[in-house]
Amino acid sequence: MSTEIANVLSNEERALMLNDLSRLSEEQRSNLYIKVCTSLGLNPLTQPFGYIQLNNKLCLYAKKDCTDQLRNLKSVSITIVSREKLGDVYAVTAQAKMPNGRTDESIGAVSIMNLKSDSLANALMKAETKAKRRVTLSICGLGILDETEIETIRVAHIVTGK
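Just so you know, these numbers come straight off a predicted model, no measurement behind them.

A. Geometry of the packing of helix α4 (residues 64–73) against helix α5 (residues 117–139). Two elements in contact, α4 and α5, have axes separated by 10 Å at closest approach and are oriented at 60 degrees. Overall, the two elements α4 and α5 adopt an arrangement that is oblique. Here α4 runs over α5; the crossing is left-handed. Of the residues in α5, those in contact with Lys-64, Cys-66, Thr-67, Leu-70 and Arg-71 of α4 are Lys-132, Arg-133, Thr-136 and Leu-137. Taken together, the residues that form the contact of α4 with α5 break down as three nonpolar, two polar and four charged.

Rendered as structure tokens:
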């Protein structure tokens, strides 16, 4: 979107079109949060989304409750189709299936360089969790970051108190 067009958008339009909630008041952010939850059938009281500062934008990201609720609401079943070590990376591929037969796949990958014992075990579980959450968001049509992805984005900062 060109800078000229972005400058004439209202704060609400900017939030929706540019995925930037930073110009919204607390009340507007709260209303939008509830509308997003309602549109997806999620319970806003469980805080399924958090706020993240990324590329000078304030955006929503999906938390565990979001993907758990989406899987339940939409009857998404998950199958792990592969687990593999690729050098210093451990990758898990998860496949999601909807009741109508539609499928999707996503990969969750983590670095396992120099990890041992509990740290290695936790990394292996994290890759699986990442794959499951990513494929859930994808098959449900929600193009949004999951909290397991945020940890690997150096310029991303979780925002509290919004």
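Don't stop here, the text continues.
B. Highlighting the layout of surface pockets. The calculated volume of the largest pocket comes to roughly 320 Å³. Forming the walls of the largest pocket are 16 residues, and the residues nearest its centre are Asn-19, Cys-59, Leu-60, Gly-143 and Ile-144. Elements that contribute at least two residues to the lining of the largest pocket include exactly α2 (11–18), α3 (26–40), β1 (49–54) and β2 (57–62). Grouping the amino acids of the lining of the largest pocket by side-chain chemistry returns 14 nonpolar, two polar and no charged.

Cut-offs applied
- Every chain begins its residue count from 1, and numbering advances along the sequence as written.
- Per-residue local features of the predicted model are confined to residues with pLDDT of at least 70, and side-chain atom pairs are confined, for both listing and counting, to 80 or more; whole-chain, interface and lining totals are unaffected and use all residues.
- Based on all heavy atoms of the structure, the side-chain values leave hydrogens and waters out of the count.
- For helices, the fitted axis covers only the stretch in contact; all axes are lines through C-alpha atoms, and the angles between them, taken along N-to-C directions, range from 0 to 180 degrees.
- Numbering of helices and strands runs from the N terminus; a helix is a DSSP stretch of H or I covering at least four residues, while a strand is a stretch of E covering at least two.
- Angle categories: roughly parallel below 35 degrees, roughly antiparallel above 145, roughly perpendicular from 65 to 115, and oblique for all the rest.
- Left-handed describes a crossing whose near helix is turned anticlockwise from the far helix through less than a right angle; right-handed describes the clockwise counterpart.
- Contact criterion: two residues are considered in contact whenever any of their non-hydrogen atoms come within 4.5 Å of each other.
- Charged residues are taken to be Asp, Glu, Lys and Arg, nonpolar residues to be Ala, Val, Leu, Ile, Met, Phe, Trp, Tyr, Cys and Pro, and polar residues to be all remaining types, Gly included.
- In this analysis, the protein atoms alone were mapped onto a 1 Å grid. Cavities are point sets where a 1.4 Å probe fits without being able to get out; pockets are open sets with protein on both sides within 12 Å along at least five of seven lines; lining residues have an atom within 4 Å of a point.
- Grid points are joined across faces, edges and corners, and a volume is the space filled by probe spheres set on the points.

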